[in-house]
Every structure is written in C-alpha cells, then in structure tokens.
Amino acid sequence: MANSTRTTLPFSLLSLLLLLICTSEVHLVHSRAPFACDPRNGLTRSLRFCNVKVPIHVRVQDLISRLTLQEKIRLLVNNAAAVPRLGIQGYEWWSEALHGVSNVGPGTKFGGAFPGATSFPQVITTAASFNVSLWEQIGQVVSDEARAMYNGGMGGLTYWSPNVNIFRDPRWGRGQETAGEDPVVTAKYAAAYVRGLQGGHNYGNRLKVAACCKHYTAYDLDNWNGVDRYHFNAMVSKQDLEDTYDVPFKACVMEGNVASVMCSYNQVNGKPTCADPDLLKTTIRGQWRLNGYIVSDCNSVGVLFDIQHYTATPEEAAAATIKAGLDLECGPFLAIHTENAVKRGLLREVEDVNMALANTMTVQMRLGMFDGEPSAQPFGHLGPKDVCSPAHKELALQAARQGIVLLHNPRRVLPLSRAQHHTVAVIGPNSDVTVTMIGNYAGVACGYTSPLQGINRYAKTIHQNGCIGVACNGKQQFGLAEVAARQADATVLVMGLDQSIEAEFRDRSNLLLPGYQQELVSRVARASRGPTILVLMSGGPIDVTFAKNDPHIGAILWVGYPGQAGGAAIADILYGTTNPGGKLPNTWYPQDYVSKVSMTNMGMKPSGVYPGRTYRFYKGPVVFPFGHGLSYTNFIHTLSQAPKSLSLPLTNLYALDNTTMSSNAIKVSHTNCNIDKLSLALHIDVKNTGSVDGSHTVLVFSKPPNGKWSSNKQLIGFQKVQLVAGSQAQVRIDIEVCKHLSVVDQVGVRRIPIGKHHLHIGHLKHSISLQPKLE
C-alpha cells in the first residue's frame with residue numbers, strides 16, 4: 001500500500017538539488033581533458049596552428065616552430081607529453097583495432113558508457129570469406145566505434161592495425177592476425193580494411209582514424225626453437241622481398257593510402273628494419289610515397305641497441321633510427337637519448353627531429369585533433385549508441401558465417417536436420433568457450449554466443465568437455481563424452497587450439513591437435529550413435545589426416561576464431577540455415593612437412609631438399625589446399641569472354657634487345673603499364689546447379705610460361721558472388737598485365753614473361769599469349 005503522506009522540500013533546497021544534478025551532468029560531459037585548440041581556451045585561440053582555415057602543412061610548421069627541443073623530443077614517443085603553455089594535452093598513440101576496437105594498447109579503455117565494442121572474427125577467419133567489400137565494411141564499423149569512444153574521451157584516433165605480414169610458416173603464433181599466405185589476398189585485405197578504417201577517399205586528405213600496416217618487413221617468427229623475434233636476422237632475397245613479403249605493404253601504402261607503417265623487431269639481411277634507410281626512407285617514403293608516419297614496434301629501438309647490439313652507444317641508436325626515417329617510437333628510448341644525440345652532432349634538430357614531428361603532427365591535423373571540440377567535427381555525432389549497435393552485432397554474425405570453411409563432407413551428413421537430429425552431444429574443450437573465439441588483440445566483446453549456446457537454439461544438447469582445456473593432458477572425462485555421444489542423434493566435437501598454444505611470442509612446435517585431443521575425437525566418433533562432425537577452432541592449420549580417413553567422422557569444419565557471434569554462426573552452418581562459402585587462406589600441411597623445415601628459412605622457392613613454402617611454390621602432399629572450401633550446393637564456371645593474345649608495347653628498341661633476347665621476359669619498366677589495353681577483362685558465368693542458395697568465390701590463378709623465376713601458380717584475382725538455387729551470374733575479373741602476369745627475377749626486378757600464360761578458374765583452363773611490340 002502506498003504511503004498516503006508526502007514530504008514537500010523547501011524551494012531553496014529543491015533548487016540546490018537541481019543545480020547539483022545539472023552541474024554533475026556538465027561535469028560528466030566535460031570530465032575529459034580539454035582538446036587541443038579548444039575555442040574556450042583564450043591562450044590558444046589566436047595561434048596560427050589552431051586556425052582551421054590555414055593549410056595543414058602551414059599549421060604544422062607553425063606548431064613545430066613554437067616548441068623547444070626538449071618539448072619536441074617528448075613528442076617522439078607513443079605517450080607524447082603535454083605542452084601546457086600551448087594548450088596541448090598529452091596523447092597516447094598506441095591503440096589497436098585488429099578486428100574491433102581493442103584495449104590491448106593503453107590508448108583505449110572500456111568502462112562507463114563504453115563497456116565493450118563489437119568483436120569481429122579474427123582476421124584469418126574474415127580472410128576466408130574472400131569478400132573484399134566485407135573487409136572494408138568491417139573497417140567502417142570499427143572506425144565508427146573508435147570515433148565514438150574518442151568523442152567520449154575513452155580512446156585515441158591512431159590505431160596500429162592491420163597486421164599484413166604473410167603467413168609463411170604454419171607454426172607462427174601470430175598467423176591468426178593475418179589474411180593468410182597469399183600476397184594478393186593479403187594486399188587486397190590490407191587496402192580494403194585500411195580504406196574502411198580511414199574513410200577512403202570520402203574525406204579528401206582528412207582521416208576518420210589513422211590506420212597502420214605492420215610489421216615491416218619479413219616478420220613472421222616470434223619464438224621458435226630457441227630463436228626469438230628480437231634476435232632473429234631474416235635472410236631474405238631481393239626476389240622474395242619484391243615478390244612476397246613487401247607486396248601487402250606496398251598495396252597498403254599505394255592503394256590503401258595508409259597513414260602509418262610499423263617497422264618490425266627483426267633484422268633483415270643484417271640490419272634492424274627500424275634503422276634501415278633503404279627500407280624506410282627509400283622504399284616506404286620514397287618509392288611508395290607514404291603520406292604519414294613510420295612508427296617502431298614497441299621498444300624496437302631499445303631492442304636494436306640492448307639486444308642486437310647494432311650500435312655502440314644509445315645516442316647512435318637514436319640517431320640511426322630517426323635518420324633512417326623513423327618518426328615515432330613505441331617506447332621510451334628516443335625520449336631518453338635523442339637530446340644527447342643532437343648535442344653530440346649525431347642528429348640535426350631542424351632537418352631530422354623537425355621532419356619526424358612534421359610527419360606525426362600532419363596525421364594528427366588530418367584527424368582533426370587540433371580543430372577543437374570533436375562534437376563540432378564531421379564524426380562528432382558518434383557516441384555510445386553507435387558502439388555494439390544491433391547492426392554492428394549482425395555484421396559480426398555475418399562475418400563469422402562467411403568465414404567458416406567446410407573442409408570435408410564426403411557422405412553429405414551436413415547439414416543436420418531439425419527433424420532428425422533432436423538431441424546433439426556437444427563435446428570438446430572449445431565447445432562452450434567465449435573469449436577463445438575472439439583470438440588475440442581483441443577487446444571486450446559486446447556479448448558472446450558460444451558453440452554450445454548456438455547449437456542449443458536448434459536442438460536439445462548434452463554437453464561434455466571431454467578434456468580440461470585444449471592441452472587435453474588427461475583422459476579422465478573421455479568416458480563421459482562417449483556416453484553423451486551414445487545418447488544423441490548427432491555429435492559435434494569442438495576441438496582445436498587457443499592462445500595457450502598459438503599467440504604472440506608463442507610459435508607452435510607441431511601441427512597436430514594438442515595432447516590427447518586426437519584420441520578423444522576418435523573414441524567419441526566410434527561411440528556416436530549418429531553422425532559425428534569435427535569443428536576445428538584455430539588460427540593456424542592442423543594436420544587432421546586421421547579425421548579425414550576416419551569413416552566414423554562425417555564432416556569437418558574449420559571456424560578459425562569466429563568472434564563474439566561465433567557459436568551462432570557455427571550452429572547456422574551445421575543446420576543449413578547458412579550455406580558455407582568460406583575458402584582456406586592457407587595451405588594445410590601434414591606434420592611431416594614442418595618436421596623437415598626450419599622456421600628460420602625465409603626462402604619461398606624449393607631448393608635441394610628444402611620443399612619451398614605456400615601453394616605458390618610447395619608441390620608436396622597437403623591435408624587441404626589453399627582455396628579449398630565446400631558447399632551444400634554445386635557451382636559450375638563457363639568462360640564467357642576472354643582475350644587470347646595481347647601485344648606488349650615496348651618503350652624503345654633497346655628494351656627489346658636487352659630483355660627478351662636474354663631472358664624471354666620484358667622488364668615492367670620497359671613497357672607502358674598505364675595504358676588501358678594492358679588491362680584485360682575475364683567474363684565468367686557462374687551457375688548454381690544445386691537446390692540450395694549459396695555464395696561462391698571465383699578464384700583465378702595464372703601459371704607463367706617461363707618457370708625460371710616464377711611460382712607453380714599465382715592467384716591473380718577473386719570475386720565472391722551470391723546465387724540463389726538454379727540461378728546464374730556473370731563475374732568480371734580484371735587483370736592488370738604488369739601487376740598480375742609479371743614475375744620477379746633473382747635480383748628483384750619485375751618482368752613480364754612473353755609466351756602463353758595459362759589461367760585456371762576451377763576446372764576451366766584458358767591461355768593468353770603475350771608478345772612484344774615496338775611502338
């Protein structure tokens with residue numbers, strides 16, 4: 001019963017309470033540190049670098065001219081110091097957004113109005129979608145959430161993502177962060193994700209957020225067999241740098257217009273990458289024309305001095321990196337030693353220090369960080385409502401669905417039927433995981449749907465872990481798992497890896513399922529009353545030859561690390577609500593391969609007993625090949641239109657005499673690559689001949705006529721198409737001759753072989769003959 005009496009507050013007390021409430025709300029909104037060039041700050045309002053009508057390069061020069069040497073030096077590191085007399089607050093450059101806004105770096109924090117952010121599938125899973133528009137769309141969503149958190153004072157605007165290294169060795173613990181082993185796929189991923197993050201060409205020279213492509217270059221070993229990334233000297237040929245390792249970085253800069261590149265810990269051919277002017281000044285900034293800054297991996301400058309002993313003094317290390325082209329260090333080394341380097345004449349304040357600051361400050365200006373209060377800027381409307389929104393969660397689910405790969409389904413036991421499979425035994429150490437699904441460099445997810453929860457939406461479930469963790473060191477729970485399988489209409493085993501097996505600074509020792517997982521799979525499969533499906537959660541490939549050959553295992557799915565909605569996506573695939581369309585972005589090797597190959601061998605081509613790496617060069621047996629992925633329907637290709645020959649215009653007679661005569665290949669620099677007729681179009685009709693709607697990725701491979709320098713075959717184009725059952729669509733693949741039909745010789749020169757180039761599109765084969773012609 002309600003109280004019938006009512007207390008009336010005196011008017012003055014009520015007014016005081018209302019004033020306190022309003023004051024509290026104002027305090028919450030303005031509890032952030034004031035932004036640079038805040039119009040409320042009379043001290044800075046009249047300064048030229050705060051005038052948004054002045055060109056950015058003029059504003060940058062004005063700001064630098066007002067700084068002392070000591071102030072400049074404290075701006076060369078990630079936790080840049082405040083300059084109170086100019087109204088500039090401290091700034092933390094280090095934030096991460098590999099597959100969602102992350103709190104791995106200190107620049108971003110969760111809490112209050114921003115308890116989490118949308119956590120998309122790990123990159124290796126998203127790459128398996130082979131869907132360029134999806135990659136860019138994810139970047140757009142991540143940058144929306146990043147801007148919202150910046151507006152709320154919980155994050156910065158410089159994100160050190162994506163990782164575009166080539167997944168060269170299947171044991172690499174960080175391969176999960178990459179788009180796989182193919183340079184073309186990784187290059188397209190890099191450019192697309194960066195466009196999504198930064199806003200593409202929609203804002204001119206302005207940036208939504210500043211992305212960073214890392215780790216440059218030939219960085220793909222963390223800690224293997226006593227060799228770690230700090231001590232590793234990657235011996236890489238000019239051919240492999242140009243043909244493989246540098247390809248994604250070049251695309252990132254020249255096609256994605258990325259705002260930053262990060263140099264790596266390792267040395268390349270005896271030089272630390274962060275102190276190599278050929279890599280930084282000559283290549284990134286010179287040849288590729290980076291419009292942005294170059295940053296070190298965290299403590300890389302300290303590593304090259306303290307661990308690699310590259311210089312005799314710390315001042316020489318500071319000077320070597322800045323003079324090589326480094327603009328910003330993640331770590332304290334430059335803040336401590338740069339001033340003495342200047343005093344000793346190893347560095348020049350104006351030519352070296354000022355140039356580094358100009359590169360970083362220009363990016364900050366392009367981000368609007370010196371334009372005052374962000375609410376008045378183009379993305380000022382973004383706030384808490386734009387983080388973990390229903391649309392963003394749905395995209396995370398769609399991305400997970402598109403990245404799942406059906407590896408094996410010989411008797412078509414998948415999809416399961418709701419009418420027949422009422423009870424499902426869900427077994428395995430990854431069967432009810434949450435955080436495992438988002439992999440590394442992740443933040444706090446909006447929420448999770450585990451595999452068990454996802455399957456439970458379709459059927460009654462009987463759950464057993466079978467193992468304690470993925471290490472699976474004991475068999476105590478195997479009996480319970482077998483009992484569960486005997487009681488169910490179908491069994492789903494969710495096995496694989498997690499960050500305890502593959503992670504940063506943790507490379508794998510082998511490609512097998514850890515511990516007793518293989519035995520658990522085999523025993524449960526034998527005991528299962530209904531069909532058994534093996535679901536593999538991992539970043540790197542796993543040798544599951546035993547499962548392929550086991551007649552008790554009806555299907556195998558690889559789901560990577562599928563993100564916050566991974567369990568829902570897995571269940572949708574299992575029950576056929578979604579037709580799987582993912583393709584492997586990596587070769588899955590047998591264990592025998594890695595038992596013979598050192599991770600420290602950086603060569604791509606086979607040599608002697610060395611078998612070579614990736615589908616482009618390795619010819620031995622595989623568990624599953626690159627590009628493999630099955631569907632619940634069937635697709636056929638028909639070549640609708642394709643050129644059969646092309647004349648290559650040469651720039652002069654000298655080019656003909658000195659290229660084709662000696663090597664049967666024309667230097668790319670000796671032909672005019674910018675003319676339209678050096679771009680070819682393939683028109684491919686794709687038909688869904690089955691009874692189920694589905695998506696299909698058309699992969700176009702090329703095999704050059706001259707195998708002297710080239711790979712077995714090379715992916716030159718791909719496109720994803722969605723087709724309803726019985727329908728047909730035409731796919732166009734554009735081939736840029738200089739880019740896609742060229743090869744790299746032993747000294748790193750790109751050439752176009754003359755003769756017949758053989759194209760492979762599924763079971764289709766087509767040849768294009770290239771011949772030189774003097775114009």
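See the structure printed just above.
The structure reproduced in this document is the subject of the present report. (Residues numbered from 1 in each chain as written. Predicted model: local features only at pLDDT ≥ 70, side-chain atom pairs only at ≥ 80, totals over all residues. Heavy atoms only, no water.)

1. A few points about the overall build of the protein
Then, in step 1: Across its full length, the protein holds 23 helices and 27 strands.
Then, in step 2: Its C-alpha atoms give the protein principal-axis dimensions of roughly 100 × 75 × 50 Å.
Then, in step 3: Every one of the 775 residues in the protein was classed for burial, and the buried ones make up 61%.
Then, in step 4: When contacts within the protein are restricted to residue pairs at least 6 apart in sequence, long-range pairs at least 24 apart make up 77% of them. (Helix = DSSP H or I, 4+ residues; strand = E, 2+ residues; numbered from the N terminus. Buried < 20%, exposed > 50% of the residue type's maximum accessible area, 1.4 Å probe, protein only. Contact = heavy atoms within 4.5 Å.)

2. Comments concerning the pattern of salt bridges
Then, in step 1: In the structure shown here, the tally under the stated rule is 32 salt bridges.
Then, in step 2: A salt bridge links Asp222 to Arg229, with the nearest nitrogen and oxygen atoms 3.2 Å apart.
Then, in step 3: For Asp222, a relative accessible area of 0% corresponds to the buried category.
Then, in step 4: Classification of Arg229 as buried rests on a relative accessible area of 5%.
Then, in step 5: Across the salt bridge formed by Glu339 and Lys343, the nearest N and O atoms sit 3.3 Å from each other. One end of the pair, Glu339, and the other, Lys343, are both in helix α12 (residues 333-343), 4 residues apart, so they sit about a helical turn from each other.
Then, in step 6: The class of Lys343 is exposed, set by a relative accessible area of 59%.
Then, in step 7: Look at the salt bridges and you will find they share partners, linking Arg174, Glu177, Asp222, Arg229 and Glu504 into a network. (Salt bridge = Lys/Arg side-chain N within 4 Å of Asp/Glu carboxyl O.)

3. A look at the sheet that holds strand β20 (residues 679-688)
Then, in step 1: Here we have 3 strands laid out as an open sheet, ordered β17-β20-β23, and antiparallel in their pairing. Lying at the two open borders of the sheet, with one neighbouring strand each, are β17 (635-641) and β23 (728-736). In this sheet, adjacent strand axes meet at a mean angle of 30° when their direction is disregarded. (Pairing = 2+ DSSP bridges. Axes fitted to C-alpha atoms, helices over the stretch in contact; angles between N-to-C directions.)

4. Things to note about the packing of helix α14 (residues 390-403) against helix α19 (residues 566-574)
Then, in step 1: For the pair α14 and α19, interaxial distance at closest approach is 8 Å and the crossing angle is 50°. Judged by the inter-axis angle, α14 sits oblique to α19. Crossing angle aside, the handedness with which α14 passes α19 is right-handed. When α14 is examined against α19, the residues Leu397, Ala400 and Arg401 are found in contact with a partner set consisting of Ala568, Ala569, Asp572 and Ile573. (Parallel < 35°, antiparallel > 145°, perpendicular 65-115°, else oblique. Left-handed = near helix turned anticlockwise from the far one by under 90°.)

5. Quick notes on the packing of helix α11 (residues 314-324) against α12
Then, in step 1: Taken N-terminus to C-terminus, the directions of α11 and α12 make an angle of 95°; their axes are 8 Å apart at the nearest point. With respect to each other, α11 and α12 are oriented roughly perpendicular. Packed against α11, whose contacting residues are Pro314, Glu315, Ala317, Ala318, Thr321 and Ile322, the element α12 presents Phe333, Leu334, His337, Thr338, Asn340 and Ala341 at the interface.

6. Things to note about helix α5 (residues 132-151)
Then, in step 1: In this model α5 runs 29 Å from its N-terminal to its C-terminal C-alpha over 20 residues, within 8% of the 28 Å that 1.5 Å per residue would give.
Then, in step 2: With respect to burial, α5 is a largely interior element, 14 of its 20 residues being buried.
Then, in step 3: Among the residues trailing α5, Gly153 stands out with phi positive, at a value near 75°. (Expected span 1.5 Å × (residues − 1).)

7. Details of helix α9 (residues 278-287)
Two residues of an α-helix separated by three or four positions point the same way, owing to the 3.6 residues in each turn.
Then, in step 1: The set of residues buried in α9 consists of Leu279, Leu280, Thr283 and Ile284. All buried residues of α9 lie within an arc of 120° about the axis, which places them on one face of the element.
Then, in step 2: Looking at the buried residues of α9, the elements they touch are β3 (213-216), β7 (260-263), β10 (293-296) and α11.
Then, in step 3: Positioned one or two residues after α9, Arg289 has a phi angle of 60°, which is positive. (Arc of directions from axis to C-beta.)

8. Notes on the nonpolar core
One recurring pattern in soluble globular proteins is that nonpolar side chains are buried together.
Then, in step 1: In this structure, Phe49, Trp160, Leu414, Leu534, Val544 and Trp588 are the most contacted members of the largest nonpolar core, which totals 207 residues.
Then, in step 2: If you tally residues by element for this core, the top one is α5, at 9 residues.
Then, in step 3: Residues within four places of Leu414 in sequence aside, it is in contact with Leu406, Asn409, Ile533, Ala555, Leu557, Leu574 and Tyr632.
Then, in step 4: The next biggest cluster of nonpolar side chains, apart from the first, holds 28 residues, and it includes Leu680, Val698, Val721 and Ile752. (Core = buried A, V, L, I, M, F, W, Y, C linked by side-chain atoms within 4.5 Å.)

9. Thoughts on the environment of Gln746
Then, in step 1: Relative to the helices and strands, Gln746 is located in the loop between β24 (743-744) and β25 (750-753).
Then, in step 2: Put simply, Gln746 and Ala445 are 301 residues apart on the chain and 47 Å apart in space, counted from C-alpha to C-alpha.

10. A word on the state of the cysteines
Throughout this description, disulfide means a covalent bond between two cysteine sulfur atoms.
Then, in step 1: If you walk through the whole model with that rule in mind, you get 7 disulfides.
Then, in step 2: One disulfide bridge connects Cys37 with Cys50, the sulfur atoms lying 2.1 Å from each other. For the disulfide bridge between Cys37 and Cys50, the dihedral angle about the S-S bond is near -75°, and by the sign convention the bridge is left-handed. With Cys37 in the loop between α1 (11-29) and α2 (56-65) and Cys50 in the loop between α1 and α2, this residue pair connects regions lying 13 residues apart in the sequence.
Then, in step 3: According to the relative accessible area criterion, Cys50 is buried, its value standing at 12%. (Disulfide = S-S within 2.5 Å.)

11. Some thoughts on the packing of aromatic side chains
Then, in step 1: One pass over the full model with this rule turns up 26 aromatic pairs.
Then, in step 2: Plain terms: the ring middles of Phe49 and Phe370 are 6.1 Å apart, the flat faces sit at 85° to each other, and that makes the pair edge-to-face. Of the two residues, Phe49 is situated in the loop between α1 and α2 and Phe370 in the loop between α13 (349-366) and α14; the sequence distance between them amounts to 321 residues. By the burial criterion, Phe49 is buried, and Phe370 matches it.
Then, in step 3: In textbook terms, an aromatic cluster arises when at least three aromatic residues are bridged by ring pairs, as seen for Phe130, Trp135, Tyr189, Tyr193, Tyr615, Phe626, Phe701 and Phe718.
Then, in step 4: Sitting over the ring of Phe624, Lys548 keeps its end group 4.8 Å from the ring centre. (Phe/Tyr/Trp six-rings, centres within 6.5 Å; stacked < 30°, edge-to-face > 60°. Lys NZ or Arg CZ within 6 Å of the ring centre and 35° of its normal.)

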